[in-house]
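Report on the structure
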Amino acid sequence: MFDQTSFLPKKELRDFRTRIQRIAGDKIAPQASWVDEKEFFNCEVESLLWDHGLLTLTFPEKYGGYGKDQTIALCIAVEEIAKACASSALLLIIQAVGSFPIIHGGSKKLKQKYLPQMSKGRKLVAYLVTEPTSGSDIANIQTTAVREGNEYILNGSKCFATSGGVAGIYSVLAKTSEGNGSSSFFLVERESPGLSIGRTESKLGQRGSNTTEVFLENVRIPTGNLLGREGDGFLIAMKDFDMSRPAIAAQALGIAEGAFDAIIQFIKERHTFGKPNADHPAIQTILADSATLIEASRGLVYRAAILNDEGKNSTKFASMAKCFAGDAAMKITTEAIDAIQVLGGYGFLKDSQTERMFRDAKLTQIFEGTNQIQRLVIARQILKESM
Amino acid sequence: MFQLDEEQKLILQSVREIVQKEIKPRAASLDEVGEFPWDAVRIFAKNDILNPLLPRKYGGVEISLYTFCMIVEEIAKACASSSLLLIAQAEGTLPIIYGTDESLKEKYLKRLAGDSQVLTGLGAIEQSVGSGIFSLPTQAELQGDQYMLQGEKCFAKNGSVADFLVLYAYTDRSKGIHGISAFVVEKGFPGFVFRRNENKIGMRGAIYSEISLDHLGIPRENLIGQEGEGFSNMEKTLHASRLFTAAQAVGLAQGAMEEAISYARRRVQFGKTISHHPPIQFMIAEMATGIESARLLTYKTAFLFDQGEWKRAGTHAAMAKLIASDTAMKVTTDAVQIMGGYGYMKDYPVERMMRDAKLTQIYTGTNQIMKLIIGRDLTGIS
């Protein structure tokens, strides 16, 4: 129903979408409800995503990457999977986000060692940035990395780590000095002595994803595991956002489309008040508003992704996409429940898809920078451009 | 209207204490387990607030709807599910109060008096009808001195626990809505079959039951009023119910805002508490403005009911329910937003409030239906 192709002149990407659509519909959609209910990290879905190369899309090509269209490919895959199951889509996002500092900051030697481990050895990556007292305020992290001989010693507590309990590799942000430009990324292995997993969080939505605390207590790593140079941490995190924010936006877009599809399906099925569901003005209003928001979201998401793939500055569009698509998904999923209720259905019951989508959508307004932060980023970029 | 009298002050003070001590600490586990709030029944009964609308004549305290709304609001600040218990009780009581039968009132209303823990409720909704409530398929037929009812009810609040419920059914379908009648049915009546309770996104500490009426026999004297009086009875009850939903939504929103403000004043980011950041202040300003508007409209609606201005009260109840529940949805969603990752976690109450708020946009008629009602009332189209 939606125009998903005019933005995608490349046949290769269109075929890629068709392939993901099939996988998501056949294999991922059927498990979406129970992974949510049981808060279950589904290893079968993880294997499926590995099988189809979806957890290495942003890797260098020789390690299974998609190549120069990787951001848009990631967004397409995330969108299609999120239509069926947002938790499964989140796995793709966090894999790309967590491996970014390694791919773009790691030395040649480090990459030769770890990228095959990750792609062939199928290791998940988690991104350890957020701390109990440091959310949006990344510069205020308390975790420290102190150099001693040819090692760094890491100490600190990280929270809300997606895939924290199931990852084999961690990209950890830690302070290497005081003041500006003081943080750096490090690669830490799961087996490192001193690294421990804290509790697993119980969340409102995206409950099929794994969110944990991770503690670092005198974790010793070789100096070669520093990603980029000392002090590059903030910069790498910002570049990572240019990819991750369109990806979160794509997730929001997928959730919104999933909710929209649920309304359409309901309209086809039934009559209410003696007339076809499609004839109710209240439903038509919701459909019109939702479809408009979905098309506008897609425009922003794809534009941000393609700009990033072209190597152009995409920060403003990445934030616009994340902010707009997240807010749109929240509105659409909220109203999808209404629409189905108006039609005599049970959008708010646990056995409906829409109530899960409503809970899942909320996270897209929050993570990878709350939408309040996105607005600051957008304003700052605009002011920079116009000065 | 802005000045509470001594009695109202006393009642609200005591409700606040009960809520802090007994209701708030139980809210999270009630939601998690999805159980009926039996503790709340006991506590509310002991404190005369389980059935505060009950007329004095039948042993009640007979507070105004305005006072009742303030009580619902207070409870909903901490636990919407527990406030729904009061609403369900009122929904089962009002149709009997609005009816004309003295004997039915004597029989059933008196059972709710004092510290009684007798539960009641309303069965108005039926499968595949949803908001098209007057197209209910349940049929009642007089056979000797009994009405035989055949049909199904869903989303009956308190359905599985109520000692008696009010039900609506067609006694004469050819008369359209004027062929609807109201009945009081007791739990033990043969043919009154409990099917299941629903598993809901929010208000999980409240019961919504599916009930089958399988050759349910109801004594003739349990007809409320005359045959055909069910529609106006149901309409009055539903209008009052929308008012209560509005009060509940105002309370929910207020509770969520207080959580968000308290968090914003503690959480430090970028060197100061986030309450200093303009985007957070804007969100709080919008929350407070929305809540105050919704509260005023809710109180005005309650006032119209108390004055007996039924027609205006009906339209206002739809408006109050619309603005209050939309406000509750926005405020709770933004409260999660202000609290960020923490707000999204089960450890904090705002994610529960957000799920609870969703239901206020839906029950007693979705907000899309509220707009139709308001639009029709104002343009004179029926």
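This is a predicted model, so every value here is computed, not measured.

1. A look at the overall build of chain A
Regarding its fold elements, chain A presents 11 helices and 10 strands. For chain A, whose C-alpha radius of gyration is 21 Å, the value lies close to the compact-globule estimate of 21 Å for 387 residues. Expressed as a percentage of its 387 residues, the buried residues of chain A come to 62%. Across chain A, contacts joining residues at least 24 apart in sequence account for 74% of those joining residues at least 6 apart. For chain A, the computed accessible surface area is about 14800 Å², with 53% contributed by carbon and sulfur atoms. For chain A, the distance from the average position of its 45 positive side-chain charges to the average position of its 44 negative side-chain charges is 4 Å.

2. Thoughts on the state of the cysteines
All names here are of chain A. Considering all chains together, one arrives at 0 disulfides over all chains under this definition. Here cysteine 43 stays free of any disulfide, with the sulfur of cysteine 85 as its closest cysteine sulfur at 14 Å. Assessed through its relative accessible area of 47%, cysteine 43 is described here as partly exposed.

3. Considering the interface of chain B and chain A
At the junction of the two partners, chain B supplies 42 residues and chain A supplies 46 residues. When chain B packs against chain A, close to 3700 Å² is buried across both sides, 65% of that on carbon and sulfur atoms. By the criterion of area lost to chain A, the three top residues of chain B are Ile201, Gln337 and Tyr344 of chain B, representing 20% of everything that side buries. At the boundary of chain B with chain A, the tally comes to 2 salt bridges. The shortest N-O distance in the salt bridge between arginine 199 of chain A and aspartate 347 of chain B comes to 2.2 Å. Counting across the interface, chain B meets chain A through 21 residue pairs in polar contact (both at pLDDT 80 or more).

4. Regarding the side chain of threonine 315 of chain B
All names here are of chain B. Within the secondary structure layout, threonine 315 lies in helix H9 (residues 310-343). Relative accessible area serves as the criterion here: at 9%, threonine 315 is assigned to the buried category. Within the structure, the side chain of threonine 315 is placed 2.7 Å from the side chain of aspartate 377, a separation counted as a polar contact. In this view, threonine 315 contacts Ile374 and Asp377; residues no more than four positions away in its chain are not counted.

5. Points about the packing of helix H9 (residues 315-342) of chain A against helix H10 (residues 353-364) of chain A
Residues and elements named next belong to chain A. Look at H9 against H10: their axes get within 9 Å of each other, and the N-to-C directions meet at 160 degrees. For the element pair H9 / H10, the angle class is roughly antiparallel. In this structure, H9 meets H10 at a crossing whose hand is left-handed. Contacts between H9 and H10 involve Lys322, Gly326, Ala329, Met330, Thr333, Thr334, Ala336, Ile337 and Ile340 from the former and Thr354, Glu355, Met357, Phe358, Ala361, Lys362 and Thr364 from the latter. Of the residues that constitute the contact of H9 with H10, the class distribution is 8 nonpolar, 5 polar and 3 charged.

6. Focus on helix H4 (residues 70-84) of chain A
With 15 residues, H4 of chain A extends 22 Å from end C-alpha to end C-alpha; this agrees with the ideal 21 Å at 1.5 Å per step. Most of H4 of chain A is tucked away: 15 of the 15 residues are buried.

7. A few points about unusual backbone geometry
We note that serine 163 of chain A has phi near 65 degrees; this positive angle belongs to a residue other than glycine. Position of serine 163 of chain A among the secondary structure elements: in the loop between strand S3 (151-162) and strand S4 (169-175). For asparagine 158 of chain B, which is not glycine, the phi torsion reads 65 degrees and is therefore positive. Mapping asparagine 158 of chain B onto the fold places it in the loop between strand S3 (146-157) and strand S4 (164-170).

8. Observations regarding the confidence of the model for chain B
Residues and elements named next belong to chain B. The share of residues in chain B with pLDDT of 70 or more is 97%, and the mean pLDDT across the chain is 93. Ranking the elements of chain B by mean pLDDT puts strand S6 (residues 192-197) last with 88 and helix H4 (residues 65-78) first with 98. Here the predicted complex scores 0.92 on pTM and 0.87 on ipTM.

9. A closer look at the pairing of S4 of chain A
Residues and elements named next belong to chain A. Counted residue by residue, S4 has 7 buried out of 7 residues, so it is predominantly covered. Here S4 shows no split at all, with Ile169, Ser171, Leu173 and Lys175 on one side and Tyr170, Val172 and Ala174 on the other all buried. Of the strand pairs in this sheet, S4 and strand S5 (residues 183-189) are connected by 7 bridges, and their pairing is antiparallel. Looking at the pairing, isoleucine 169 lines up with glutamate 189 of S5.

10. Details of the environment of asparagine 150 of chain A
Residue and element names in this part refer to chain A. Considering the arrangement of structural elements, one finds asparagine 150 in the loop between strand S2 (144-148) and S3. Sequence separation between asparagine 150 and glutamate 80 is 70 residues, and the spatial gap between their C-alpha atoms is 45 Å. Discounting chain neighbours no more than four positions away, the residues touching asparagine 150 are Ile221, Pro222 and Thr223.

11. Re the packing of aromatic side chains
One pass over the structure, following the stated rule, counts 19 aromatic pairs over all chains. When the centroid spacing of 5.8 Å and the interplanar angle of 70 degrees are considered together, the rings of tyrosine 342 of chain B and tyrosine 348 of chain B count as edge-to-face. The structure contains a cluster of three or more aromatic residues connected by ring pairs, namely Phe160 of chain A together with Tyr263, Tyr342 and Tyr348 of chain B. When the ring centre of phenylalanine 241 of chain A is taken as origin, the NZ or CZ atom of arginine 245 of chain A, which lies over that ring, is 3.7 Å away. Stacked on the ring of tyrosine 98 of chain B, the Lys or Arg lysine 236 of chain B has its end atom at 5.1 Å from the ring centre.

12. Digging into the environment of lysine 62 of chain A
Residue and element names in this part refer to chain A. Note on placement: lysine 62 falls in the loop between helix H3 (43-51) and H4. Exposure remark for lysine 62: the relative accessible area of 66% places this residue in the exposed category. Considering only alpha carbons, one finds lysine 62 and serine 119, 57 residues apart in sequence, at a separation of 9.9 Å.

13. Details of the pairing of S2 of chain A
Side chains on a regular strand alternate between the two faces of the sheet. Both S2 of chain A and S3 of chain A contribute to a ladder of 5 bridges, which runs antiparallel. Looking at the pairing, alanine 145 of chain A lines up with leucine 154 of chain A of S3 of chain A.

14. Overview of the side chain of threonine 143 of chain A
Residue and element names in this part refer to chain A. Considering the arrangement of structural elements, one finds threonine 143 in the loop between strand S1 (125-128) and S2. The class of threonine 143 is buried, set by a relative accessible area of 1%. Side-chain polar atoms of threonine 143 contact the side chain of glutamate 131, separated by 2.6 Å. What threonine 143 contacts, discounting residues up to four positions off in sequence, is Glu131, Asn155, Gly156, Ser157, Lys158, Leu173, Ala174, Lys175 and Leu216.

15. Considerations on the environment of glycine 326 of chain A
Residue and element names in this part refer to chain A. In this fold, glycine 326 is placed in helix H9. Between the C-alpha atom of glycine 326 and that of isoleucine 294, which follows or precedes it by 32 residues, the distance is 11 Å. Filtering out sequence-adjacent residues up to four positions away, glycine 326 remains in contact with Ala252, Ala321, Thr364, Gln365 and Asn371.

What counts and what doesn't
Residues numbered from 1 in each chain as written. Chains lettered and ligands numbered in written order. Predicted model: local features only at pLDDT ≥ 70, side-chain atom pairs only at ≥ 80, totals over all residues. Heavy atoms only, no water. Helix = DSSP H or I, 4+ residues; strand = E, 2+ residues; numbered from the N terminus. Rg over C-alpha atoms; globule rule 2.2 N^0.38 Å. Buried < 20%, exposed > 50% of the residue type's maximum accessible area, 1.4 Å probe, protein only. Contact = heavy atoms within 4.5 Å. Areas by Shrake-Rupley, 256 points an atom, 1.4 Å probe, with all protein chains shown as cover. Lys, Arg positive; Asp, Glu negative; His and termini not counted. Charge placed at Lys NZ, Arg CZ, Asp CG, Glu CD. Disulfide = S-S within 2.5 Å. Buried area = accessible area lost by both parts, 1.4 Å probe. Salt bridge = Lys/Arg side-chain N within 4 Å of Asp/Glu carboxyl O. Polar contact = N/O pair within 3.5 Å; in protein donor to acceptor, adjacent residues only side chain to side chain. Axes fitted to C-alpha atoms, helices over the stretch in contact; angles between N-to-C directions. Parallel < 35°, antiparallel > 145°, perpendicular 65-115°, else oblique. Left-handed = near helix turned anticlockwise from the far one by under 90°. Nonpolar A, V, L, I, M, F, W, Y, C, P; charged D, E, K, R; others polar. Expected span 1.5 Å × (residues − 1). pLDDT = per-residue confidence, 0-100. Pairing = 2+ DSSP bridges. Phe/Tyr/Trp six-rings, centres within 6.5 Å; stacked < 30°, edge-to-face > 60°. Lys NZ or Arg CZ within 6 Å of the ring centre and 35° of its normal.

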